[in-house]
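A closer look at the structure
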Amino acid sequence: MKTKSIARFSLLCAMALVLGYFERFIPVAPGIPGVKLGLANTVLLYAVYLMGAKSAMLLMLAKVVLSGFLFAGLSGMLYSLAGGLLSLCVMLLLSRLKDVGIIGVSVGGAVSHNIGQIAVACMVVESRAVLGYLPVLMISAVITGTLTGIAAKYAIAALQKAGLGK
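Residues numbered from 1 in each chain as written. Predicted model: local features only at pLDDT ≥ 70, side-chain atom pairs only at ≥ 80, totals over all residues. Heavy atoms only, no water.

Next up on the list: the overall build of the protein chain. Within the protein chain one finds five helices and zero strands. Computed over the C-alpha atoms, the radius of gyration of the protein chain is 15 Å, within 12% of the 15 Å expected from 2.2 N^0.38 for a compact globule of 166 residues. Here the protein chain holds 166 residues, and 38% of them are scored as buried. Across the protein chain, contacts joining residues at least 24 apart in sequence account for 70% of those joining residues at least 6 apart. About 9,400 Å² of surface is accessible on the protein chain, with carbon and sulfur atoms providing 71% of the total. (Helix = DSSP H or I, 4+ residues; strand = E, 2+ residues; numbered from the N terminus. Rg over C-alpha atoms; globule rule 2.2 N^0.38 Å. Buried < 20%, exposed > 50% of the residue type's maximum accessible area, 1.4 Å probe, protein only. Contact = heavy atoms within 4.5 Å. Areas by Shrake-Rupley, 256 points an atom, 1.4 Å probe, with all protein chains shown as cover.)

Right under this line is the structure:
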C-alpha cells in the first residue's frame, strides 16, 4: 500500500470507529433493542464506491475487530462479523447493478446486516424463536439504511466535487 492509501484507510477506520461509538448514545428506537442508525455504514459505503472491494473488506474487518476489542467483547465481535460480512457482500453485489443507487445499496446492507446477526443469535440461543424479532429489525433497517444512504450519497458527491474522491 502506498502512503496515501494507508493514511486514507487509517482515517476511514478511525472515522468508522468513532461513528460506531457515537451512535451508541443516540436513542433511535427506545425500548427496541438492537436498533442503531448504522452511521459507520456511511464510511463503508464510501469504501465500496471509491476504494474497491478489497479495501472495503479490510476496512469492515478492522472496524469489527477494533470495535470488538474496544467496546463489545468477543460475543459482540461475533455478531458484528456475521452482520458485517453478509452486509458487505450484499452491498458489493448491489453496487454493481446499474439500477440500484447508493441508497438502495445502503438499505440492502442494513437489511442483510440484521439477517446476519439474527442468524448468529439463532445459533447462539439454539432457537428459531429469535426470528420473530426479524420483522421489527427489517422495518428499522429500511428506515436507517435509507437515512445512512442519503448521508453517504451527499458525502461522496461532496468529496468527489472537492477532488477527494479517489
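Even without glycine at this site, Glu-126 takes up a positive phi of about 55°. Inspection of the secondary structure puts Glu-126 in the loop between α4 (102–125) and α5 (134–161). The class for Glu-126 is exposed, based on a relative accessible area of 73%.

A few words now on the environment of Leu-45. Relative to the assigned elements, Leu-45 resides in helix α2 (residues 40–50). The spacing of Leu-45 and Ala-56 is 11 residues in sequence and 8.2 Å in space, taken between C-alpha atoms. In this view, Leu-45 contacts Met-91, Ile-102, Val-105, Ser-106, Thr-148, Gly-149, Ala-152 and Ile-156; residues no more than four positions away in its chain are not counted.

The first and last C-alpha atoms of α4 sit 34 Å apart over 24 residues, in line with the 34 Å expected at 1.5 Å per residue. Positive backbone phi, approximately 55°, marks Glu-126, located one or two places after α4. (Expected span 1.5 Å × (residues − 1).)

Taken as a whole and assessed by the stated rule, the structure comprises two aromatic pairs. An angle of 80° between the planes, with centres 5.1 Å apart, marks the rings of Tyr-21 and Phe-25 as edge-to-face. Accessibility expressed as a relative area gives 38% for Tyr-21, which makes it partly exposed. Members of the aromatic cluster, each reached through a chain of ring pairs, are Tyr-21, Phe-25 and Phe-71. (Phe/Tyr/Trp six-rings, centres within 6.5 Å; stacked < 30°, edge-to-face > 60°.)

On to the nonpolar core. Membership of the largest hydrophobic core comes to 26 residues, with the highest contact counts inside it found for Leu-44, Leu-45, Ala-56, Leu-59, Leu-88 and Met-91. For this core, the secondary structure elements donating two or more residues are α1 (3–22), α2, α3 (53–95), α4 and α5. Ranked by residue count, the leading element in this core is α3, at nine residues. Leave out the neighbours within four places in its chain, and Ala-56 touches Leu-44, Ala-47, Val-48 and Leu-88. In terms of nonpolar packing, the next biggest core, distinct from the first, is built from nine residues, Val-107, Cys-122, Leu-137 and Ala-141 among them. (Core = buried A, V, L, I, M, F, W, Y, C linked by side-chain atoms within 4.5 Å.)

The grouping of Tyr-21, Phe-25, Leu-66, Leu-70 and Phe-71 at the surface amounts to a nonpolar patch, some 490 Å² of accessible area in total. The biggest single contributor to the nonpolar patch is α3, with three residues. Checked against the element boundaries, Phe-71 lands in helix α3. (Patch = residues over 30% accessible without salt bridge, like charges linked within 9 Å, V, L, I, M, F, W, Y side chains within 5 Å. Salt bridge = Lys/Arg side-chain N within 4 Å of Asp/Glu carboxyl O.)

Our next topic: the environment of Ser-140. Structurally, Ser-140 is set in helix α5. Ser-140 gets classed as buried once you look at its relative accessible area, which sits at 12%. Along the sequence, Ser-140 and Gly-34 sit 106 residues apart, while their C-alpha atoms lie 9.7 Å from each other. Those residues in contact with Ser-140 that sit more than four places away from it in its chain are Val-35, Asn-114 and Gly-145. Within the local environment of Ser-140, its side chain forms a polar contact with the backbone oxygen of Leu-137, the two atoms lying 2.9 Å apart. (Polar contact = N/O pair within 3.5 Å; in protein donor to acceptor, adjacent residues only side chain to side chain.)

None of the figures reported here should be taken as evidence of function without further support.
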